[in-house]
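Spelled out from the first residue to the last, the chains are:
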Amino acid sequence: MKLILLGAPGAGKGTVAKLLTELDGSVQISTGDILRGAVQAGTELGKKAEAYMKAGDLVPDELIMDIMEKRLQEPDCEKGFLLDGFPRTIPQAEALEKLLDKLGIELDMVVNIDVPRDVILDRLTTRRTCSNPECQAIYNVKSNPPKVEGVCDKCGSPVVQREDETEEAISHRLETYNEKTAPLVGFYEKKGKLLTVSATSSDEVINAIKARLAA
Ligand code: AP5
């Protein structure tokens, strides 16, 4: 499947993407995970992205498009991909459209995961993430804690709170989402590609996607 997952920070894009990869071998492409990996590795990209991320601002569109142009042409994308956290602005969506046209790829749909703000705030303050850039498994101290506190079930690395999870950065990320990313809902609705799922259960989101793919 070839999907875009849209939704506010904490809506569960990463969680749903990881579950979808188990269905048909489609790969999760999370620009947030790629950027966090680059920051941790201290690469040029990481150095350019770090301050924006820490403050809860978006990284400039040109940097993101450079990453995605290369990533979408890697062989593991042939089976399908789940775009998690990209596109995030209208210019990114327009550039993606041109890129997909050039590569001869058609999207199946754009899934907008719609979750109430109070649930989002609760999830973001209780999320924990594996610190290993190759893993980045997602946990939650309330709904999905690791078996051993502070240790990743999958790779044994420390499980930590992300740097953009301060109260200030979270509230700025939500404002940035409303201003820059929420307009993508209308953008994809006009193109007839949008599926909005208002649900706090990841299973409900997955089932709605499966039903639309089968229709
Ligand atoms: P990114 O990593 O993409 O962060 P985000 O969009 O803010 O999304 P999150 O990862 O916070 O949330 P999510 O929706 O994936 O939720 P999750 O599944 O983890 O981006 C980080 C930064 O990178 C940006 O601020 C920006 O600076 C930069 N960036 C990235 N992409 C960019 C782009 N395209 N352009 C420019 N800049 C870019 O779930 C959240 C929590 O809830 C977890 O604890 C999880 O366990 C829990 N949870 C999830 N689902 C459920 C459920 N159903 N029930 C109970 N708990 C649940």
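For the structure, check the block above.
What counts, and where the lines are drawn
- Here, residues in each chain are numbered from 1, in the same order as that chain's written sequence.
- Whole-chain, interface and lining totals are the exception, using all residues; otherwise, since this is a predicted model, local features are given only for residues with pLDDT of at least 70 and side-chain atom pairs are given and counted only at 80 or more.
- Each side-chain value is worked out from all heavy atoms of the structure, with water and hydrogens disregarded.
- Any two strands are treated as partners once DSSP identifies two or more bridges connecting them.
- Per the convention used, a helix needs a DSSP run of H or I reaching at least four residues, while a strand needs a run of E reaching at least two, with both numbered from the N terminus.
- Contact definition: two residues touch when any of their heavy atoms are within 4.5 Å.
- Lines are fitted to the C-alpha atoms to define the axes, a helix being fitted only along its stretch in contact, and any angle between axes, read from their N-to-C directions, falls within 0 to 180 degrees.
- Salt bridge criterion: a side-chain nitrogen from Lys or Arg within 4 Å of a carboxyl oxygen from Asp or Glu.
- Buried means the residue's accessible area, taken with a 1.4 Å probe over protein chains only, is under 20% of the maximum for its type, while exposed means over 50%, and partly exposed covers the values in between.
- To estimate the expected span of a helix, count its residues, drop one, and scale the result by 1.5 Å.
- Whether a residue is near a molecule or strand is decided by its heavy atoms; if any one of them lies within 4 Å of it, the residue is near.
- Nitrogen and oxygen atoms within 3.5 Å of one another constitute a polar contact, given that in protein one can donate a hydrogen and the other can accept it, and given that sequence-neighbouring residues count only through two side-chain atoms.
- Here the open area of atoms and residues is found with the Shrake-Rupley method and a 1.4 Å probe, where only the protein chains shown may cover a residue.
- As a working rule, the residues Ala, Val, Leu, Ile, Met, Phe, Trp, Tyr, Cys and Pro are called nonpolar, Asp, Glu, Lys and Arg charged, and the rest polar, with Gly in that last group.

## What to know about the sheet that holds strand β7 (residues 159-160)
- On the basis of which strands lie adjacent, the open sheet formed by three strands has the order β6-β5-β7 and antiparallel pairing. Two strands in the sheet have a free side with no partner beyond their single neighbour: β6 (138-140) and β7.
- Bridge count for strand β5 (residues 127-130) against β6 is three bridges, and the pairing is antiparallel. Following the sheet pairing, R127 is matched in β6 by N140.
- Of the strands in this sheet, β5 and β6 touch helix α6 (residues 117-126), which is tilted by about 45 degrees from β5.

## Brief notes about the pattern of salt bridges
- Considering all chains together, one arrives at 13 salt bridges under this definition.
- One salt bridge in this structure joins D33 and R36, with 2.9 Å as the shortest N-O distance. Here R36 and D33 lie together in helix α2 (residues 31-41), a separation of three residues that amounts to about one turn.
- Under the relative-accessibility criterion, R36 is labelled buried at 19%.
- With a shortest N-O distance of 4.0 Å, K147 and D153 are connected by a salt bridge.
- Within this structure, K18, D33 and R36 form a network of salt bridges that share partners.

## Examining helix α1 (residues 13-24)
- When the terminal C-alpha atoms of α1 are compared, their 17 Å separation across 12 residues agrees well with the 16 Å that a helix rising 1.5 Å per residue should span.
- If you follow the buried residues of α1, they end up packed against β1 (2-6), β2 (27-30), β3 (81-84), β4 (109-114), β6 and α9 (202-214).
- Directly beyond the C-terminal end of α1, a positive phi value near 80 degrees is found at G25.

## Comments concerning the site of the ligand
- For the ligand, the set of nearby residues contains 34 residues, the closest of which are T15, D57, R127, R173 and T200.
- The backbone of G12 places a nitrogen or oxygen atom 3.0 Å from an oxygen atom of the ligand.
- Between the ligand and G85, the relevant distance is 2.9 Å, taken from a nitrogen atom to a main-chain nitrogen or oxygen of the residue.
- Taken by itself the ligand offers 1,000 Å² of open surface, and the protein chains cover 93% of this.
- Of all the secondary structure elements, the ones that give two or more residues to the shell around the ligand are α1, α2, α6 and β6.
- When residues in the shell around the ligand are grouped by element, the largest group, four residues, is from α2.
- Split by residue class, the shell around the ligand holds 12 nonpolar, 13 polar and nine charged.

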